[in-house]
Amino acid sequence: MSKKRNVLKEVIYIVSIEDHTRFVEYLLKLQDINFGVEENENFLKNKYEEIFKFYKEQEQKNENKEN
Amino acid sequence: MRIKKIEINGIRGFAYRKDSPHIIDLLNYRHLFLYGENGTGKSSFFDALEWGLTGEIEESKARKVEKNDILRNKFSEEQDRPYVKILYKNRDQEEKVFIRFLNGKDTFELEEIVSDNFIDAKRIENFVIDTRKSLWNRFANLLGFEDLILFEKRLIRLKNEAKRKYEESEKIFNNKRKEIEDLESKKQQLETEFEEKLGKDWGSLLRSKEKEKVTEKFSDLENLNKAINYYLQSVEEKHELNSELEELEKKLKRIKSTLSEAAISKIIEEAYNYFKETQEIDKCPVCGQPIRYKDVLNRLAGLRQRLNEAIQFNNKIKNLEDDIDNKDKKVNEYNSNIEKLYLKLYDSEIKVEESENALQMLSSKKGEFEKEIEQLRDIIQLLESWGRYKEIVDTVRKGQENLENLSDEKNLKKKIWKDVRNFHVKYKEKYSETISNELVRISKEKVTEIFNKINQSDNEVVESFIIEPDVEKTEITFQAKIRGREEMINAISFLSTAHLRCLGFALLISRMQIHSNPIGFIAIDDPIYSVDHEHRYFLIKYLKELGNDYQLIITTSDRIFYDLIRHQFNSNSCVAYKTYLGSYSSPVNNEVVLGVEIKSSPQNYIEEAEKHLNHKDLRAASLYSRLALETVLFTVAEKVNLKIPYKRINKLGVRALMHQGLKEKLKKEYGCDNDIDKQFQNLSDHRYFRALLSQSKGYPLDEEVHFPHEERASYTVEEVKEVIETLKVFIDFLTRLLE
């Protein structure tokens, strides 16, 4: 609570309760860097390949589980 | 939360001093006022306090630099552990200590969020001047929701990128699928062709054929056929040459039988020349018999022509013989080729002869070979198609595997795009709601009240503000109801820049009052940063009012504002510090140093007044004169034990003291009535102090009589100089009297 009230974190948490997607899973990993808002405007855009990799890995894990 | 003591070490402009950190001790004072000229560390203090209590600083966002970079003092060593330590009283009046180390883990958490208690003037200024941004964004930034907007910008870029990547992968997938479909169609065509030409068993038939062998046989057969053609042609030509030779030989034989070629040739030549040159001869020069000249000449000419023909025939015969020899050689060569190729192709011998039967047999064989060549040509074409077919089958197989991967990639990219798009929709909804709820929660009545207090003007008092957010459109309707006017007006086009500053301030204060503990502190960095002179006095009055409920922590670089605000409070309720550049820890480095400001005294204010008068700043000089008068009268009031009604203590001013009978009490305690009257009269003779010192009931006590700016145009340098001189005498008189 000593931290400044992080409204962005609050909003993303609220959305994450309704929206269970891999994207939200990935996004929550960025909370330590405040979701990149201090970085340049292409921060998330530049993360696309990483997001794609994350999705692929998760798909793979799911497939392995099913098998 | 009430701040009691702040200890800063190695943060911003405050150097790291191992055993003697920079300490601001509020002791038992309630408010803290910090004055310092530009660049002496006021903001360093504000940032240190903000970071100490919230873990964040606005400044790093504004400057777009790493938080730790801006926080760590530039002269601190690597091994130093910069920190901010705060001693505070919580809502249960318990004293607690909180310490936050740079690059360290927080030892424990504060019980309350205090970020709204920091009022940053720069934020208000951005709200006023950032007219290119939408109202929605301006309000959101003012209320500290810029992260929500910044994140959305980044999210939109990601969404567009995800869409682009998905569309790109879909295009690649479709192209690949089309390519495979085309190949499938070609494959189908070839299968039909194979079936038509080779039957249903075309596959095993084609597999059994070896293209190289077939091609070799085809090439041999073609060569054989060519050799036969050349052979037959050469034999025919040879026969023709032989016939011609025979004919020539016959002709030559006929001529030769009558003539010795050389002799006849010479005789005929001589006789012909003789007869041609010697005309009119009627007797034979050899036998003397009578002759007819013309007949002899004609016979000789014919004879000579025949002789020439014989010679030519002879030459032709030789040439023909040579040609026949050559043809013979070629015939033999072709013959040999035919025999070799035939042996190779059919593994049997063939007899090639120039006899008519043999030639006929060869011609008929040639027909067979031609048929066989045609068949082989078809087979070769089919084998070539078969090769292509096999390549297509292989490409289709690989393509289908690739297509599967592309399909997976496309579907995954579509999923990412859909997830990001849906998240954006929900995020926008929630963040709009958050801003909207915040605006709804902020009491509009309170905002209007604060706005009117710091923006006092009888003609343009705002009755109420309407700030209505439209979540769907992320737009804000911002209207104002002006006293005396029926219709609502567009507030943005109506309000001046100064009005907007007041509104920004009012919004932040109102928000702080909602979120904060009612006995909390409020820290304001340079509250007059963007407030014009006209509004400063109302702002000071409002801050004084605010100070009744809240602990004020105010920094400023404006000395007059600092003195005025400090003067609003009882000296027992506030502590004042100043910052300057010095060299505590190192003789070389200039660092921010905190010092307790000189206690206010009438003499100090007189000095300030004279200083400003020298700079022709009449407003400041008048203000300091008034502060000097107030200070000395409060000292007198204390000495004579003047009783003041408790409820008015917070709005105490010169007029309140006079109204409570200060002069009379002074006379009673010290006597010398005439001197006292004279001194007060001397001051009242100056119009600047006349109304202040008046004991008439023309002005309600809880209203200030005037602020100097109201009549500033009418003051002259000489007039203010006289006021100061009179005041100096007045202060001197009272000081001596009290002693």
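The structure this text deals with has already been given above.
Residues numbered from 1 in each chain as written. Chains lettered and ligands numbered in written order. Predicted model: local features only at pLDDT ≥ 70, side-chain atom pairs only at ≥ 80, totals over all residues.

Some points on the overall build of chain B
What counts, and what does not: By the criteria applied, helices consist of DSSP H or I runs no shorter than four residues and strands consist of E runs no shorter than two, each listed in order from the N terminus. Whether a residue is buried, exposed or partly exposed follows from its count of other C-beta atoms within 10 Å of its own C-beta, namely 20 or more, 12 or fewer, or something in between, respectively; the C-beta atoms are built from the backbone. We call two residues in contact if the C-beta atoms placed from their backbones are at most 7 Å apart.
Across its full length, chain B carries 23 helices and 13 strands. Here chain B, with 739 residues, has 32% of them falling under the buried criterion. In chain B, the proportion of contacts linking residues at least 24 apart, taken out of those at least 6 apart, comes to 70%.

Some thoughts on the overall build of chain A
Across its full length, chain A holds four helices and zero strands. The order of α-helices and β-strands along chain A, N terminus first, is α-α-α-α. Taking all 67 residues of chain A together, 24% fall into the buried category.

Side note on the nonpolar core
All names here are of chain B. The criterion, for reference: Throughout this description, the term nonpolar core refers to a group of buried Ala, Val, Leu, Ile, Met, Phe, Trp, Tyr and Cys residues whose C-beta atoms join them within 7 Å. As used throughout, domain bounds are those supplied by an automatic or database domain assignment.
Ranked by size, the top nonpolar core spans 140 residues in total, and within it Phe33, Leu148, Ala506, Ala523 and Ala628 carry the most contacts. When residues in this core are grouped by element, the largest group, ten residues, is from helix H18 (residues 618–639). Among the domains, domain 1 (1–114 + 516–599) and domain 3 (600–739) are the pair contributing at least three residues each to this core. Other than its neighbours up to four places away in sequence, Ala628 contacts Pro602, Tyr605, Ile606, Ala609, Leu727 and Ile731.

Quick notes on the interface of chain B and chain A
The condition that has to hold: For this classification, Asp, Glu, Lys and Arg are treated as charged, while Ala, Val, Leu, Ile, Met, Phe, Trp, Tyr, Cys and Pro are nonpolar and the rest, including Gly, are polar.
Counting residues at the interface gives 35 residues for chain B and 31 residues for chain A. The set of elements that each furnish at least two residues to the side of chain B that touches chain A consists of helix H6 (146–198) and helix H11 (356–441) of chain B. Looking at the side of chain B that touches chain A, its residues break down into 15 nonpolar, five polar and 15 charged.

Digging into the sheet that holds strand E1 (residues 2–9) of chain B
Residue and element names in this part refer to chain B. We apply this condition: Pairing between two strands is assigned when DSSP locates at least 2 bridges connecting them. Angles run from 0 to 180 degrees between N-to-C directions of axes, and those axes are lines fitted to C-alpha atoms, restricted for helices to the stretch in contact.
Read from one edge to the other, the open sheet built from four strands follows the order E2-E1-E4-E5, with strand pairing classed as antiparallel. Here the strands that pair on one side only, and so sit at the sheet edges, are strand E2 (22–25) and strand E5 (95–101). Strand-to-strand, the axes of this sheet are offset by a mean angle of 15°, without reference to chain direction. The pairing of strand E4 (residues 83–89) with E5 spans seven bridges and is antiparallel.

Here's the deal with the environment of B:Pro469
Residue and element names in this part refer to chain B. When you line up the elements, Pro469 lands in strand E7 (residues 462–470). Residues Pro469 and Val440, 29 residues apart in the sequence, show an inter-C-alpha distance of 8.4 Å. Non-local contacts of Pro469, meaning those with residues more than four positions away in its chain, are made with Ile435, Ser436, Leu439 and Ile476.

Focus on the pairing of E1(B)
All names here are of chain B. As paired strands, E1 and E4 are joined by seven bridges and run antiparallel to one another. Counterpart to Arg2 in the pairing with E4 is Lys89. Bridge analysis of E1 against E2 gives four bridges, and the strand direction is antiparallel. Looking at E2, one finds that Lys5 is bridged to Asp25.

Details of the sheet that holds strand E9 (residues 489–490) of chain B
Residues and elements named next belong to chain B. Pairing in this open sheet of three strands is antiparallel, and the strands run E7-E8-E9 from one edge to the other. Each edge of the open sheet carries a strand with a single partner, namely E7 and E9. Across eight bridges, E7 lies against strand E8 (residues 475–482) in antiparallel orientation. In the strand pairing of E8, Glu468 is matched with Thr477.

Comments concerning the packing of helix H8 (residues 211–256) of chain B against H11(B)
Residues and elements named next belong to chain B. Which entries qualify depends on this criterion: In this scheme, roughly parallel covers angles under 35 degrees and roughly antiparallel covers those over 145, while 65 to 115 is roughly perpendicular and the rest are oblique. The handedness criterion is simple: a crossing whose near helix is rotated anticlockwise from the far helix by less than a right angle is left-handed, and one whose near helix is rotated clockwise is right-handed.
For the pair H8 and H11, interaxial distance at closest approach is 9 Å and the crossing angle is 150°. Here H8 is positioned roughly antiparallel relative to H11, judged by the angle of their axes. In this structure, H8 meets H11 at a crossing whose hand is left-handed. Residue composition of the contact of H8 with H11, by class: 15 nonpolar, three polar and seven charged.

Re the packing of helix H4 (residues 121–129) of chain B against helix H14 (residues 497–515) of chain B
Residue and element names in this part refer to chain B. Between H4 and H14, whose axes approach to 9 Å, the crossing angle comes to 135°. Classified by the interaxial angle, the pair formed by H4 and H14 is oblique. Seen along the crossing, H4 lies across H14 with a hand that is right-handed. Of the residues in H14, those in contact with Ile124, Phe127 and Val128 of H4 are Thr497, Leu500, Arg501, Gly504, Phe505 and Leu508. Of the residues belonging to the contact of H4 with H14, the class tally is six nonpolar, two polar and one charged.

Quick word on helix H10 (residues 293–346) of chain B
Using the following cut-off: For a helix, the expected span equals 1.5 Å multiplied by the residue count minus one.
Under the 1.5 Å per step criterion, the end-to-end length of H10(B) is 77 Å for 54 residues, consistent within 8% with the ideal 80 Å. Within H10(B), burial applies to B:Leu300, B:Ala310, B:Phe313, B:Lys327, B:Val331, B:Tyr334, B:Asn335, B:Ile338, B:Leu341 and B:Tyr342.

Here's the deal with unusual backbone geometry
Peptide bonds are mostly trans, and most non-glycine residues show a negative phi. Of note, the phi angle at A:Phe35 is positive, near 60°, even though the residue is not glycine. By the element assignment, A:Phe35 lies in the loop between helix H2 (22–28) and helix H3 (43–46).

The analysis is restricted to geometry; functional conclusions fall outside its scope.
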